[in-house]
Amino acid sequence: MKMEVFEMERMQSTWENVVEYDLSESGIRAVSLRELTDLGFDLEEALDTPLGYSQSNGTIELRELLMEQYPGASLENIEVTNGTSEANYLAALVALQGGDDMALEVPNFMQLWGPPRSFGARINTFSLDFASAWEPDWEGFERAVSEKTRLVYVSNPNNPTGAVLSRDAMSRIVERCERVGAYLLADEVYMGAEREQEQTPSFWGMSDRVIVTSGLSKAYGIPGLRIGWIVGPKEFVDECWSQHDYITIGPNKLSDIMAQTAVKPGNRKKLYDRTRRILQQNLRAMQEWLDGFGEFFTYNPHVAGAFYFVKYSSGIPSLELVQNILRRQSTLIVPGSHLGMEGFLRIWMGGDPEYLQEGWRRIGIEIEQLPELVQGRDL
Ligand SMILES: Cc1ncc(COP(=O)(O)O)c(C=O)c1O
């Protein structure tokens, strides 16, 4: 099985812990173990916990807590995984076979570009349209989702645009999946990372073709525990568990226990509130910085996610621009080309203000040197 390189992930894995300023992040500034203990995680008790295998599809305690977020779900509808990425991977393995078609929303963080193609599935993309505030291009959607389509993937809120689908758009997507007999894989890991508007509704419960994936890494701000989950029809989730047995067996025992603290309803609200606060705190500074370049950056209003996905007006390929910033400024951001949309950059806004300011300043040094800006100054 030949696997294509996961471009964005590989660039991040190579550089994110090496550069002086990592602005390639997409989640909110990470929660510390101390903050988790302030939410009630019992560190003393954890010290006496034998580090054996945990329940491989997630402890009953954790799945019961997750059930509260997904009305109508029972324990068998939920499987706990190693991050949302493993949840997505398992769902694709189960839903697709060689020769099947899959429809993928772009731009996207592109995890499900490589694996389906490696086992012989064909990917048809449909776009979110920059000019219409990231509304799906419905003609493209109808074309991409056909009778041959077995899986449709969306991330809602979307990475990298931060856009949230309207309820009408959600219904339209679900209806089309039902009509052609495809599963909808709704990656909802950014749910709860809305800056102002109410929490994004879940696709869960709209149809028995819906599979939801999510995890602690983005809106909760706890990527390091590597806890995610799948919620779906029992038979589907059962097959995911079978795949899981072969791949990682199950999640880390301590992570499962800590996750129980994070997802308790009161704590979930506190963590989401923390995320909102950080986004609200950083928004104005981010916009001032972007707008300081005049017309160079254009963008849709921020809705969700700890990043801005901005269009820039220069002919330089996004990867080249990002590599210049990396090499000369020791600062990492994500090129649009790694997200399925050239001519854009994804820049983080979920960190400490001082850290972000210095990272943005360094990015600005490289932007100021682009011929389009130099010429503008000389006119
Ligand atoms: C939409 C989306 N889903 C899943 C993931 C992976 O999440 P996790 O760290 O929980 O595996 C990412 C990471 O960037 C993401 O953007």
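Relevant structure appears above.
A few points on the structure.

Basis of the calculations
Note that residues are indexed from 1 along each chain, following the sequence as it is written. Under the rules for a predicted model, residues below a pLDDT of 70 receive no local features and side-chain atom pairs below 80 are neither given nor counted, while totals for whole chains, interfaces and linings still include all residues. Hydrogens and water molecules were not included; the side-chain quantities draw on all heavy atoms of the structure. Secondary structure elements follow DSSP: runs of H or I of four or more residues count as helices, runs of E of two or more count as strands, with numbering from the N terminus. Categorising residues by exposure relies on relative accessible area from a 1.4 Å probe, with only protein chains included: less than 20% of the type maximum marks a residue as buried, more than 50% marks it as exposed, and the intermediate range marks it as partly exposed. Residues are classed as near a molecule or strand on a simple rule: at least one heavy atom within 4 Å of it. Whenever two N or O atoms come within 3.5 Å, that pair is a polar contact, provided that in protein one can donate a hydrogen and the other can accept it, and provided that, for residues adjacent in sequence, both atoms are side-chain atoms. Working definition of accessibility: Shrake-Rupley area with a 1.4 Å probe, residue cover restricted to the visible protein chains. A pair of strands is labelled paired if DSSP reports no fewer than 2 bridges between them. In what follows, residue pairs with any heavy atoms lying within 4.5 Å of each other are defined as contacts. Whenever a helix is involved, its axis is fitted only over the stretch in contact; in every case the axis is a line through C-alpha atoms, and angles between N-to-C directions fall within 0 to 180 degrees. Salt bridge, as applied in this entry: a Lys or Arg side-chain nitrogen positioned within 4 Å of an Asp or Glu carboxyl oxygen.

Overview of unusual backbone geometry
Cis peptide bonds are those with omega within 30 degrees of zero, and the linkage from V106 to P107 qualifies with 0°. Along the chain, P107 falls in the loop between strand 3 (101-106) and helix 6 (114-118). Omega for the bond connecting N156 with P157 falls within 30 degrees of zero, at -10°, which places this linkage in the cis form. Along the polypeptide, P157 turns up in the loop between strand 6 (149-155) and helix 8 (167-180). Unlike most non-glycine residues, A133 shows phi in positive territory, near 50°. A133 gets classed as exposed once you look at its relative accessible area, which sits at 51%.

Description of the site of the ligand
Taken together, 15 residues surround the ligand, and among them T84, S85, N159, D187 and S217 come closest. In this structure, an oxygen atom belonging to the ligand sits 2.9 Å away from a side-chain N or O atom of Y190. Contact distances for the ligand include 2.7 Å between an oxygen atom and a side-chain N or O atom of S217. About the coverage of the ligand: the protein hides 93% of its 400 Å² of free accessible area. Only helix 5 (83-95) and strand 6 provide two or more residues apiece to the shell around the ligand. Here the shell around the ligand gets 4 residues from one element, more than from any other, and that element is helix 5.

Description of the sheet that holds strand 2 (residues 78-82)
Pairing is mixed in the open sheet, where 8 strands are placed in the order 2-9-8-7-6-3-4-5. This sheet does not close on itself; its edge strands, each paired only once, are strand 2 and strand 5 (135-136). Each of strand 2, strand 7 (183-187), strand 8 (210-215) and strand 9 (227-231) touches helix 9 (residues 234-247); the most contacted strand, strand 2, lies at about 30° to it.

Regarding the pattern of salt bridges
Across all of its chains, the model carries 13 salt bridges by this definition. The salt bridge involving R362 is made with E20; its shortest N-O contact spans 2.8 Å. Taken together, the positions of R362 in helix 13 (residues 353-368) and E20 in the loop between helix 1 (7-15) and strand 1 (21-22) put the pair 342 residues apart, joining distant regions of the chain. Across the pair E358 and R361 runs a salt bridge, and its minimum N-O distance is 2.9 Å. Of the two residues, E358 and R361 are both situated in helix 13; the distance of 3 residues between them amounts to about one turn of the helix. Taking the relative accessible area as the measure of exposure, R361 reaches 46% and is therefore partly exposed.

Things to note about the sheet that holds strand 13 (residues 334-335)
Strand order across the open sheet formed by 4 strands is 10-11-14-13, with antiparallel pairing between neighbours. Unpaired on one side and paired on the other, strand 10 (297-298) and strand 13 mark the two borders of the sheet. In the sheet, strand 13 pairs with strand 14 (residues 344-348) via 2 bridges, with the strands oriented antiparallel. Along strand 14, the bridge assignment pairs V334 with R346.

Points about the side chain of S56
Among the secondary structure elements, S56 is positioned in the loop between helix 3 (43-47) and helix 4 (60-67). Its relative accessible area of 13% is what places S56 among the buried residues. A polar atom in the side chain of S56 sits 2.8 Å from the side chain of W241. With near-sequence residues (within four places) excluded, S56 lies in contact with V80, W241, H244, D245, I249, G250 and P251.

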